[in-house]
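# Coordinate inspection notes
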Amino acid sequence: EVQLVQSRAEVKKPGESLKISCKASGYKFTNYWIGWVRQMPGKGLEWMGIIYPGDSDTRYSPSFQGQVTISADKSISTAYLQWSSLKASDTAMYYCARSDRVTAAADYWGQGTLVTVSS
Amino acid sequence: DIQMTQSPSSVSASVGDRVTITCRASQDIRDWLAWYQQKPGKAPKLLIYTASSLQSGVPSRFSGSGSGTDFTLTISSLQPEDFATYYCQQANTFPYTFGQGTKLEIK
């Protein structure tokens, strides 16, 4: 059974760093893209970026380029999303999702990680 | 970036109604379009991929059509569990952008 299990909710202060995770199981991790999607409170879905763990090919939305870093560790089938200096405007739910190379659609999603940034 | 525009932003309908949601891309995306359903407090769920292919396990009352720049999602006979927000997403070119969403509410 395919599963994406994300790390727990986080409460951080502005300026702090953070790395959240998405652990995959039930399929060959290196054969599928893993993407990250932001959903701010009461708002729609925003595509942030994506990584192909097989060769670490990583693409970002211009809106998020330079603001976050996406990475993956093949040895533990885990993808990451990290910030070096959080802002209050980073408060949101973050989802990871698997996409295959054939359909390009996100067919499995993590449960989401709520990040709250507040002083 | 390719802009995706959904209409309407919200719609009210009754159980048993037929509902159509449209999605327009700012440039040709061939058939690289997916539709997702999201219920409050839940992760999105894939309904349709490559514009018209039904994801495994999704009821056949959901259908998708279109190619190029204009696409539709149709729910043939609304069920109580279909009241949710629906998003389109283009997967032709990075960044894979979403539409702004269509909220389907009970009339």
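A brief structural summary. (Residues numbered from 1 in each chain as written. Chains lettered and ligands numbered in written order. Predicted model: local features only at pLDDT ≥ 70, side-chain atom pairs only at ≥ 80, totals over all residues. Heavy atoms only, no water.)

## Focus: the pairing of strand S10 (residues 102-106) of chain B
Residues and elements named next belong to chain B.
- Summarising the sheet, strand S2 (residues 10-13) and S10 pair through four bridges and their orientation is parallel. From the neighbouring strand, Ser-12 faces S10, where its bridge partner is Glu-105.
- With two bridges joining them, strand S9 (residues 85-90) and S10 adopt antiparallel strand pairing. Each residue of the ladder has a partner; that of Tyr-86, found in S10, is Thr-102. (Pairing = 2+ DSSP bridges. Helix = DSSP H or I, 4+ residues; strand = E, 2+ residues; numbered from the N terminus.)

## Let's talk about the layout of surface pockets
- Within this model, the largest pocket holds a volume of roughly 420 Å³.
- Surrounding the largest pocket, 21 residues form its lining, Gln-39 and Lys-43 of chain A together with Gln-38, Thr-85 and Tyr-87 of chain B being those nearest its centre.
- At the level of secondary structure, the elements contributing two or more residues to the lining of the largest pocket comprise strand S9 (92-99) of chain A together with S9 and S10 of chain B.
- Considering only residue class, the lining of the largest pocket consists of nine nonpolar, eight polar and four charged.
- Size it by volume and the second largest pocket reaches roughly 290 Å³.
- Here the lining of the second largest pocket takes three residues from strand S5 (residues 45-52) of chain A, the largest share from any one element.
- Split into classes, the residues belonging to the lining of the second largest pocket amount to eight nonpolar, seven polar and two charged. (1 Å grid on protein atoms, 1.4 Å probe; cavity = no way out; pocket = protein on both sides within 12 Å on 5 of 7 lines; lining within 4 Å. Points joined across faces, edges and corners; volume = space filled by probe spheres on them. Nonpolar A, V, L, I, M, F, W, Y, C, P; charged D, E, K, R; others polar.)

## Observations regarding the state of the cysteines
Residues and elements named next belong to chain B.
- Counted by the stated rule, this structure contains two disulfides over all chains.
- Each sulfur in the disulfide pair Cys-23 and Cys-88 lies 2.1 Å from the other. Since a negative S-S torsion denotes a left-handed disulfide, the Cys-23-Cys-88 link at about 70° is right-handed. Here Cys-88 lies in strand S9 and Cys-23 lies in strand S3 (residues 19-25), a separation of 65 residues in the sequence. (Disulfide = S-S within 2.5 Å.)

## Points about the nonpolar core
- Ranked by internal contacts, the top residues of the largest apolar core, which has 25 residues, are Ile-20, Ile-34, Trp-36, Leu-81, Trp-83 and Tyr-94 of chain A.
- Going through the elements one at a time, strand S3 (18-25), strand S4 (33-39), S5, strand S8 (78-83), S9 and strand S11 (113-117) of chain A are the ones with two or more residues in this core.
- Per-element accounting of this core gives the leading share, four residues, to S3 of chain A.
- Those residues within four positions of Ile-20 of chain A in sequence are excluded, and the remaining contacts are Ser-7, Glu-10, Trp-36, Ala-79, Tyr-80, Leu-81, Trp-83, Tyr-94, Thr-113 and Val-115 of chain A.
- With 24 residues, the next largest nonpolar core counts Met-4, Ala-13, Leu-78 and Cys-88 of chain B among its residues. (Core = buried A, V, L, I, M, F, W, Y, C linked by side-chain atoms within 4.5 Å. Buried < 20%, exposed > 50% of the residue type's maximum accessible area, 1.4 Å probe, protein only. Contact = heavy atoms within 4.5 Å.)

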